[in-house]
Amino acid sequence: MKTKWYFFFLTTVAVSAILYAFPGFKANEPAEIGVLMIGENRLEKFTGLENGLKDLGYSNKEIHFTVKNARDDEELLDKQIEDLLQTAPDLIVTLGAIESQRLKAELDKKKITIPVVFAGLAAPKELGLIKDYKSPGGMFTGINNYHASISGKRLEMLTSLVPNIKKVHVIYDSKIDVSKLSLKETRIAANALGVEIAPCDASSKECMDRLWRTGKQGEAILILPSFRIESLTEDIVKLTEEKKIPAMGLYDFEVKMGLLASYGSSFHSQGYQAARFVSLILQGNKPGELPVELPDGIRFVVNQQTKDALGIRYNEDLLKLAELVHPDVQGGRNP
């Protein structure tokens, strides 16, 4: 009997030692997870994160979120990062590139080491967040949503979907590194495809003003990554409706709001996928040793109502590959 209790005691001590070795583990307390989002448009990523952790078996008793929403205000984002770091969370989840870059700058400045999972951003290596995709090093890891790299493919799909396009207005953001990288990829694709493009810098009010003045039928719009452009989605939809101009976005939420099409991984799926990284880190894995992943899926989505309302000719073979929003108009598959 004494031997049995002795082994039970050793096992208990060993398990306790492992648990206390986990970064940020506090006995009988939930893990504190900070969440940074630049604006409301990225709330669906947080919903995906919550759903992913729930499906992995985590309850509200095991995890506590502190969510910081900057409401598209960069200065407020910086202040929220400072406030969050003062609380010393066990882990931080960033919901995009600007959140990740601003956080890393503050962590480096203050020499703070906190594990960080980015729930979907483009080109994390090029942005200096990681050293390598297989072995990130440092404190950052997560999901490379691949949106910069597929910008050229997105242009190709737009011009294939609408064959008679004469010019494509490319909305980018000169103040966002990922957006500038995406524009570079788009230029390369445009040269290869023989497509005329007209870059439009969304960081200036002149961009939308110019599109309202000069946009016309026979042209199209291609949207590149940027939180600032995400916040303009409603205005862009209104422009495309009145000008009868097809537009290709990145996310399914843009299509649901009225754009013609999108090609990319959804916000929800990026957040859901990031939950695996959060779980692995809470179990004691180091972020620098967890390889960065590509998105679980890339979706091609078309708004059936917008398609019909534009009244233009489409590539019917390509349309057969799309998931349809509002398929009840003529029948089809709903994403």
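A. View of the confidence of the model for the chain. Taken over all residues, the pLDDT of the chain has a mean of 90, while the share at 70 or more is 89%. Low pLDDT (under 50) marks residues 1-25, which in the prediction has 10 contacts with non-local residues, meaning those over four places away or in another chain. Considering only residues more than four positions removed or in separate chains, one finds that residues 329-335, a stretch of pLDDT under 50, has 24 contacts.

B. Examining the pattern of salt bridges more closely. Taken as a whole, this structure holds 21 salt bridges when the rule is applied. One salt bridge connects D173 with R228, and the closest N-O pair in it is separated by 2.3 Å. Residue D173 is found in the loop between β6 (167-172) and α6 (177-193), and its partner R228 is found in helix α8 (residues 227-230); the two are separated by 55 residues along the sequence. Residue D173 shares its accessibility class with R228, and that shared class is buried.

C. Broad picture of the layout of surface pockets. By volume, the second largest pocket is sized at about 190 Å³. Taken together, 16 residues form the lining of the second largest pocket, with K104, D108, G138, M139 and F140 sitting closest to its centre. When residues of the lining of the second largest pocket are assigned to their parent elements, the largest contribution, three residues, is made by helix α4 (residues 97-110). In terms of residue class, the lining of the second largest pocket is built from eight nonpolar, four polar and four charged.

D. Up close: the environment of L310. In this fold, L310 is placed in helix α12 (residues 304-310). Accessibility expressed as a relative area gives 10% for L310, which makes it buried. Placed 93 residues apart in sequence, L310 and Q217 show a C-alpha to C-alpha distance of 9.5 Å. In this view, L310 contacts T240, K244, I245, P246 and L260; residues no more than four positions away in its chain are not counted.

E. Inspection of the side chain of E254 at higher detail. Relative to the assigned elements, E254 resides in helix α10 (residues 252-257). R154 is the oppositely charged side chain nearest to the buried, salt-bridge-free E254, at an N-O distance of 7.2 Å. Within the local environment of E254, its side chain forms a polar contact with the backbone nitrogen of Y251, the two atoms lying 2.8 Å apart. Every residue in contact with E254, bar those within four places of it in the chain, is listed here: I223, T233, G249 and L259.

Criteria and thresholds
- Per chain, residue numbering runs from 1 following the sequence as it is written.
- Totals for whole chains, interfaces and linings use every residue, but because this is a predicted model, local features are given only for residues with pLDDT of at least 70 and side-chain atom pairs only at 80 or more, for both listing and counting.
- Only heavy atoms go into the side-chain values, all of them from the structure, while hydrogens and water stay out.
- Per-residue confidence from the prediction method is given by pLDDT, with values spanning 0 to 100.
- By definition, residues are in contact when any of their heavy atoms lie within 4.5 Å.
- Counted as salt bridges are all cases of a side-chain nitrogen of Lys or Arg within 4 Å of a carboxyl oxygen of Asp or Glu.
- Per the convention used, a helix needs a DSSP run of H or I reaching at least four residues, while a strand needs a run of E reaching at least two, with both numbered from the N terminus.
- Under the scheme applied here, a residue whose accessible area is under 20% of the maximum for its type counts as buried, over 50% as exposed, and between as partly exposed, the area being computed with a 1.4 Å probe on protein chains only.
- Only protein atoms enter the 1 Å grid, on which a cavity is a set of points fitting a 1.4 Å probe that cannot get out and a pocket is an open set with protein on both sides within 12 Å along at least 5 of 7 lines, lining residues being those with an atom within 4 Å of a point.
- Grid points are joined across faces, edges and corners, and a volume is the space filled by probe spheres set on the points.
- Classification convention: Asp, Glu, Lys, Arg as charged; Ala, Val, Leu, Ile, Met, Phe, Trp, Tyr, Cys, Pro as nonpolar; all other residues, Gly among them, as polar.
- Residues counted as positive are Lys and Arg, residues counted as negative are Asp and Glu, and His and the chain ends are not counted.
- Polar contacts, as used here, are pairs of N or O atoms within 3.5 Å; protein pairs need one atom able to donate a hydrogen and one able to accept it. Residues neighboring in sequence count only if both atoms are side-chain atoms.

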